[in-house]
Amino acid sequence: GVNMTVKRVSQHHRPVPATERNELIQGIMRDLLNSNITQGQALRRLRREGFGTKQADYAKLVGVSRSTITDIENDRSNYKTEVLNKVFRPAGLKVGLIPIQQNLVEHLFKGQSDA
């Protein structure tokens, strides 16, 4: 038979290699900028796919409570920028302002995608 691996998120999910992690982060950033995913969905994907960690382990890594991670991932948060920066720091991301108009976002990043 053919050995097929099903990529799924589980307690034993392995983090992707650093090179793939960069691609994952760029894809997540693109989805965020295009409003395809929420900030919480972005954090969940980064934690699970990028770092392969459970909420409790990730919370310990970034120095917040597990319930903070849960709240943010479920978009039930009104956390200060400082807390959000802590949880996104391992992915090299921080909270920032982006234009509301999608065409301005596209204009800002035009020609930057191959960098």
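Residues numbered from 1 in each chain as written. Predicted model: local features only at pLDDT ≥ 70, side-chain atom pairs only at ≥ 80, totals over all residues. Heavy atoms only, no water.

Participant: Can you walk me through the overall build of the protein in this structure?
Facilitator: When you go through the protein residue by residue, the secondary structure sums to 6 helices and 0 strands. Taken from N to C terminus, the helices and strands of the protein fall in the order α-α-α-α-α-α. Within the protein, the proportion of its 115 residues that are buried is 29%. Within the protein, contacts between residues separated by at least 24 positions form 51% of all contacts whose residues are at least 6 apart in sequence. For the protein, the accessible area works out to roughly 8300 Å², and carbon and sulfur atoms hold 50% of it. (Helix = DSSP H or I, 4+ residues; strand = E, 2+ residues; numbered from the N terminus. Buried < 20%, exposed > 50% of the residue type's maximum accessible area, 1.4 Å probe, protein only. Contact = heavy atoms within 4.5 Å. Areas by Shrake-Rupley, 256 points an atom, 1.4 Å probe, with all protein chains shown as cover.)

Participant: What's the story with the environment of Asn85 in this structure? I'm lost.
Facilitator: On the secondary structure map, Asn85 appears in helix H5 (residues 81-88). Separated by 11 residues in the primary sequence, Asn85 and Gly96 place their C-alpha atoms 9.6 Å from one another. Once you skip the residues sitting within four places of it in the chain, Asn85 turns out to touch Leu93, Lys94 and Val95.

Participant: Hey, could you run me through the packing of helix H3 (residues 55-62) against helix H4 (residues 66-73) in this one?
Facilitator: In helix packing, the relevant descriptors are the interaxial angle and the interaxial distance, both defined with respect to the helix axes. Viewed as axis vectors pointing N to C, H3 and H4 meet at an angle of 110°, and their least axial separation amounts to 8 Å. As the angle between them shows, H3 and H4 are arranged roughly perpendicular. Two secondary-structure elements touch here, H3 through Gln55, Ala56, Tyr58, Ala59 and Val62 and H4 through Arg66, Ile69, Thr70 and Glu73. A breakdown of the residues in the contact of H3 with H4 according to their chemical character gives 5 nonpolar, 2 polar and 2 charged. (Axes fitted to C-alpha atoms, helices over the stretch in contact; angles between N-to-C directions. Parallel < 35°, antiparallel > 145°, perpendicular 65-115°, else oblique. Nonpolar A, V, L, I, M, F, W, Y, C, P; charged D, E, K, R; others polar.)

Participant: When you look at the packing of helix H2 (residues 39-50) against H4 in this model, what are you seeing that I'm missing?
Facilitator: Close contact between H2 and H4 brings their axes to 7 Å; oriented N to C, the two are set at 125°. Classified by the interaxial angle, the pair formed by H2 and H4 is oblique. Taking contact as the criterion, the partners of Gly40, Gln41, Leu43, Arg44 and Arg47 in H2 are, on H4, Ile69, Ile72 and Glu73. Each residue belonging to the contact of H2 with H4 can be placed in one class, and the counts come to 3 nonpolar, 2 polar and 3 charged.

Participant: What is the right way to look at the nonpolar core in this model?
Facilitator: Note that soluble globular proteins tend to have their nonpolar side chains buried in a common cluster. Counting 19 residues, the largest nonpolar core has Leu43, Leu46, Ile69, Val87 and Phe88 as the members making the most contacts within it. Secondary structure elements with two or more residues in this core: helix H1 (18-33), H2, H3, H4 and H5. Leave out the neighbours within four places in its chain, and Ile69 touches Leu43, Arg47, Gln55, Tyr58, Ala59, Val62, Val64 and Val87. (Core = buried A, V, L, I, M, F, W, Y, C linked by side-chain atoms within 4.5 Å.)

Participant: What is the right way to read the layout of surface pockets from this model?
Facilitator: The method is simple in principle: a probe with the dimensions of a water molecule rolls over the atoms, and the space it marks as empty is what remains. Roughly 560 Å³ of internal volume is contained in the largest pocket. Residue lining of the largest pocket: 15 residues in total, with Leu32, Leu33, Lys94, Gly96 and Ile98 positioned closest to the centre. Considering every element that reaches the lining of the largest pocket, the biggest residue donor is H1, with 3 residues. Here the residues of the lining of the largest pocket sort into 10 nonpolar, 4 polar and 1 charged. (1 Å grid on protein atoms, 1.4 Å probe; cavity = no way out; pocket = protein on both sides within 12 Å on 5 of 7 lines; lining within 4 Å. Points joined across faces, edges and corners; volume = space filled by probe spheres on them.)

Participant: Got a minute to help me understand the packing of aromatic side chains in this structure?
Facilitator: For any pair of aromatic rings, the description consists of the separation of the ring centres together with the inter-plane angle of the planes. Across all of its chains, the model carries 1 aromatic pair by this definition. Each ring, one from Phe51 and one from Tyr58, has its centre 5.9 Å from the other, and the planes form 45°; the classification is tilted. The two residues Phe51 and Tyr58 agree in class, both being buried. (Phe/Tyr/Trp six-rings, centres within 6.5 Å; stacked < 30°, edge-to-face > 60°.)

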